[in-house]
Amino acid sequence: MDHLTVVDHPLVQHKLTIMRQTDTSTGEFRRLLREISQLIAYEVTRELPMTTKRIDTPMQEMDAPVLAGRKLALVSILRAGNGLLDGMLELIPSARVGFVGLYRDEETLEPVQYYFKAPDNLGERLVIAVDPMLATGNSSAAAIDLLKEQGAKDIRFLCLLAAPEGVARMKEAHPDVPIVTAALDERLNEKGYIMPGLGDAGDRMFGTK
Ligand code: URA
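A brief look at the structure comes next. (Residues numbered from 1 in each chain as written. Predicted model: local features only at pLDDT ≥ 70, side-chain atom pairs only at ≥ 80, totals over all residues. Heavy atoms only, no water.)

Before going further, it helps to examine the sheet that holds strand β12 (residues 183-184). Spatially, β8-β10-β12 is the arrangement adopted by the 3 strands of the open sheet, whose pairing is parallel. With one partner strand each, in any of the chains shown, β8 (133-134) and β12 form the two edges of the open sheet. Both strand β10 (residues 161-162) and β12 contribute to a ladder of 2 bridges, which runs parallel. Note on β12: the bridge partner recorded for L161 is A183. (Pairing = 2+ DSSP bridges. Helix = DSSP H or I, 4+ residues; strand = E, 2+ residues; numbered from the N terminus.)

Shown next as structure tokens:
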């Protein structure tokens, strides 16, 4: 996969525009995030290995394509990652799930870890880390560091919005981790928010402020 893939499918772009709007309600925001996560999941799982299985249709036998059973782990970067996780789990219900708890120090913008729990045998799995906002890239890069320390080798990063600064940071820290996003925005502001962005994804998803 390329280092950065922007999923420019019309349905994704239309839903994202509604999510960006200030007057979109919490419930609508959450619903759209779940829907978009499923559309982006198609892209991030596009190269999953396939095999065939002999089946009977009502008409005849055939060798039909099935997933080759590659082990998957979805890792949510708390708390906003859970909005992407829910939709992906509907598509891939057998995936194992991990959580990385990082918050961003508002002064330094550096990530601080408060939780980590991941499935066994990360080295044998395709690991898809999810976080809606790739902003400075500091917490995303730190989350990937933790996953690699636990043995993960094949990692992809899925987000809703990315800033060029975050993409560059990830490319420098983890050039082996492809990023899949719905949009590459213009820049970060002085507080590390993505512009034009959609605000604080966690607050918009959970109705906090
Ligand atoms: N996290 C968010 O939720 N929004 C941003 O714009 C940047 C980081």
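This brings us to the environment of F99. Turning to its location among the elements, F99 is positioned in strand β5 (residues 96-104). Taking relative accessible area as the criterion, F99 reaches 26% and is therefore assigned partly exposed. Excluding anything up to four places from it in sequence, F99 contacts V75, S76, L78, N82, L85, Y115, F116 and K117. (Buried < 20%, exposed > 50% of the residue type's maximum accessible area, 1.4 Å probe, protein only. Contact = heavy atoms within 4.5 Å.)

Moving on to the pairing of strand β7 (residues 126-130). The element β7 is largely enclosed, with a buried count of 5 among its 5 residues. Residues L126, I128 and V130 point to one face of β7 and V127 and A129 to the other, with burial holding for every one of them. As judged from the 5 bridges shared by strand β4 (residues 72-78) and β7, these two strands associate in the parallel manner. Across the sheet, residue A73 finds its bridge partner in β7, namely V127. Relative to strand β9 (residues 154-158), β7 runs parallel, the two sharing 5 bridges. When the sheet's bridge partners are listed, A129 is paired in β9 with F157.

Counting residues in each nonpolar core, the largest one holds 37 residues, and the members touching the most others are L16, M88, I128, L158, L160 and L198. If you list the elements that add at least two residues to this core, you get α1 (10-20), α2 (26-44), β4, α3 (81-91), β7 and α6 (201-206). Sort the elements by how many residues they give to this core and α2 lands first, with 7 residues. The contacts of L198, once residues within four sequence positions are left out, are L16, M19, R20, F29, M133, L160, L161 and R204. By size, the runner-up hydrophobic cluster in this structure holds 24 residues, among which are V127, I144, L146 and V167. (Core = buried A, V, L, I, M, F, W, Y, C linked by side-chain atoms within 4.5 Å.)

Time to look at the site of the ligand. The environment of the ligand is formed by R104, M133, A135, G192, Y193, I194, G199, D200 and A201. Contact between the ligand and G199: a nitrogen atom at 2.8 Å from a main-chain N or O atom of the residue. Interatomic distance of 2.7 Å between a backbone N/O atom of A201 and an oxygen atom of the ligand. Alone, the ligand offers 240 Å² of accessible surface; in the complex the protein occludes 88% of this. If you map the ligand onto the pockets, it falls in the largest pocket. (Near = heavy atom within 4 Å. Polar contact = N/O pair within 3.5 Å; in protein donor to acceptor, adjacent residues only side chain to side chain. Areas by Shrake-Rupley, 256 points an atom, 1.4 Å probe, with all protein chains shown as cover. 1 Å grid on protein atoms, 1.4 Å probe; cavity = no way out; pocket = protein on both sides within 12 Å on 5 of 7 lines; lining within 4 Å. Sits in = over half its atoms within 2 Å of the grid points.)

Note that every value here comes from positions in space, so none of it alone points to a role or purpose.
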